[in-house]
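A look at the structure
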Amino acid sequence: MKEFKHGGDINSFAKKLNCKENEIIDLSSNINFIKPNIQIDFNSISISSYPDYKGLYKAISNHYNILNSQIELYNGGSSAIFRLFENLGLKRCIIYSPAYLEYKKAAKKYNYKIELINRFEDIYKKPKRNSLVIFVNPSTPDGKYYNLNKLFKIWEKQNCTLLIDESFLEFSQKKSAIKYLKSYENLYILKSMTKFYSSAGIRVGTIISTKKNIKKLREKEPLWKLSTFDMNYLIEALKDKKFKKTTIKKNKQNKKLLINLLKNYSFIEKVYKSDANFLLIKLKNIKAKELQKVLEKEKIMIRNCSNFDFLDTSYVRIAVKSKSSIKILKKALNRI
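Residues numbered from 1 in each chain as written. Predicted model: local features only at pLDDT ≥ 70, side-chain atom pairs only at ≥ 80, totals over all residues. Heavy atoms only, no water.

1. Concerning helix H3 (residues 77-88)
Taking 1.5 Å per residue, 12 residues should reach 16 Å; H3 reaches 16 Å between its end C-alpha atoms and fits that length. Those residues of H3 that sit buried are Gly77, Ser78, Ala80, Ile81, Phe82, Leu84, Phe85 and Asn87. Immediately downstream of H3, the backbone of Gly89 shows phi near 60 degrees, a positive value. (Helix = DSSP H or I, 4+ residues; strand = E, 2+ residues; numbered from the N terminus. Expected span 1.5 Å × (residues − 1). Buried < 20%, exposed > 50% of the residue type's maximum accessible area, 1.4 Å probe, protein only.)

2. Overview of the pairing of strand E10 (residues 278-283)
The element E10 is largely enclosed, with a buried count of six among its six residues. Covered by surrounding structure in E10 are Phe278, Leu280 and Lys282 together with Leu279, Ile281 and Leu283, the residues of both alternating faces. Note that strand E9 (residues 268-271) and E10 share three bridges and pair antiparallel. Bridge pairing in E10 links Ile268 to Leu283. The loop that links E9 with its antiparallel partner E10 comprises six residues. Sheet topology note: the E10/strand E13 (residues 315-319) ladder contains five bridges and is antiparallel. By the bridge assignment for E13, Phe278 is matched with Ala319. (Pairing = 2+ DSSP bridges.)

3. Describing a positive patch on the surface
Taken together, the side chains of Lys249, Lys250, Lys323 and Lys327 present a region of like positive charge at the surface. Of all the elements in the fold, those that place two or more residues in the positive patch are helix H9 (241-262) and helix H11 (323-333). Of note, Lys249 is situated in helix H9. (Patch = residues over 30% accessible without salt bridge, like charges linked within 9 Å, V, L, I, M, F, W, Y side chains within 5 Å. Areas by Shrake-Rupley, 256 points an atom, 1.4 Å probe, with all protein chains shown as cover. Salt bridge = Lys/Arg side-chain N within 4 Å of Asp/Glu carboxyl O. Lys, Arg positive; Asp, Glu negative; His and termini not counted. Charge placed at Lys NZ, Arg CZ, Asp CG, Glu CD.)

4. Things to note about the nonpolar core
Of all hydrophobic cores here, the largest spans 50 residues; its most connected members are Leu56, Ile60, Tyr96, Phe135, Leu148, Trp155 and Leu187. It is helix H8 (residues 228-239) that contributes the most residues to this core, six residues altogether. Formed by 24 residues, the second largest nonpolar core is a distinct cluster that contains Leu262, Ile268, Ile281 and Ile286. (Core = buried A, V, L, I, M, F, W, Y, C linked by side-chain atoms within 4.5 Å.)

5. Describing the packing of aromatic side chains
A complete count under the given rule lists 19 aromatic pairs for this structure. Between the aromatic rings of Phe152 and Trp155, the centroid separation amounts to 5.3 Å while the plane-to-plane angle is 65 degrees, which identifies the pairing as edge-to-face. Taken together, the residues Phe152 and Trp155, both in helix H5 (residues 149-157) and three residues apart, mark about one turn of the helix. Each member of the pair, Phe152 as well as Trp155, is classed as buried. Through pairs of rings, three or more aromatic residues link up here, namely Tyr96, Phe135, Tyr146, Phe152, Trp155, Tyr180 and Tyr184. (Phe/Tyr/Trp six-rings, centres within 6.5 Å; stacked < 30°, edge-to-face > 60°.)

6. Notes on the side chain of Glu298
Considering the arrangement of structural elements, one finds Glu298 in the loop between helix H10 (288-296) and strand E11 (300-301). By relative accessible area, which is 16% here, Glu298 ends up buried. Reaching out from Glu298, the side chain makes a polar contact with the side chain of Arg335 at a distance of 2.7 Å. Those residues in contact with Glu298 that sit more than four places away from it in its chain are Ile328, Lys331, Ala332 and Arg335. (Polar contact = N/O pair within 3.5 Å; in protein donor to acceptor, adjacent residues only side chain to side chain. Contact = heavy atoms within 4.5 Å.)

7. Side note on the environment of Asp142
Note that Asp142 resides in the loop between strand E5 (132-136) and H5. Classification of Asp142 as buried rests on a relative accessible area of 2%. The spacing of Asp142 and Lys273 is 131 residues in sequence and 7.4 Å in space, taken between C-alpha atoms. Engagement of the side chain of Asp142 in a polar contact is seen with the side chain of Ser139, the distance being 2.9 Å.

8. Details of the sheet that holds strand E8 (residues 205-208)
If you trace the seven strands from one edge of the open sheet to the other, you get E2-E8-E7-E6-E5-E3-E4, paired in mixed fashion. The open sheet terminates on both sides in strands that have one partner only, identified here as strand E2 (71-74) and strand E4 (113-118). When strand polarity is set aside, the average angle formed by the axes of neighbouring strands in this sheet is 20 degrees. Strand direction decides the pairing type here: strand E3 (residues 92-97) and E5, joined by three bridges, are parallel. Bridge assignment links Cys93 to a residue of E5, and that residue is Leu132. The strands that helix H2 (residues 54-64) touches are E2, strand E7 (187-192) and E8; relative to E2, the one it contacts most, it runs at about 120 degrees. (Axes fitted to C-alpha atoms, helices over the stretch in contact; angles between N-to-C directions.)

Encoded structure:
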């Protein structure tokens, strides 16, 4: 499981340092540090009957300006990925890497032949015909947004089935691949609302596709997959109209602060341009594990990126968080 290890394991980190979880500054997890304003009393919600998802379908379809019949809901983004791999039943998977590690894990579980395309060096390499193509946009762990027009032409010629992961798109304010659904039949788009709406504990993942594709997916799904609490939290979160503007503004300001801070250190070789709420950093004369050790003294977690494909032990990812956390990070980095 070390191969697929993620950031955000606050519990293990706190145990290691023998401290409380609320003392940890988690810069390893790319969850929004701003939370939506939820106007609901969860004690008043009835859980004696099975959930009816009509309200959630309506809220999500309005949010993305699509039809209810173009949406299927899952118990989180990871569940959506695994179920789609299983239901498509294809033989070959092309992952534009480095990428979110659950894709590789799902491909292995369902016996896909995996091929990796290094998007840093060979992004326009032609994939094998009839493959399932995985593309994360904005990407992880570097946060780059790609214009996909040229790639879509390549994928179409190769008759590929596409899964475009847009989990971080709302941080970027860039255009969605939803527009391609009118012309590309074998296209699926993943929307994980966990990241932007700061709700890792609320398990709601969304697959968007054509009516025909969604109908096929729904035929293989159980009636009830999400809890009443998951559903109501997300419906309420989507009602907070100020939240999106606040998130974009504060993340943009704090990302600029973080970039300016990181540029001051000689042991940082490169800070990658990011359209998301995190930064990929290439280190110089220090390894990721060594930097993590230094930051432990201030109870700071960062993401060691050495288990991402095409990255080595000199790469880390740091999430954009509050101004106070950036100040504490500065104090810790000054130790080096």
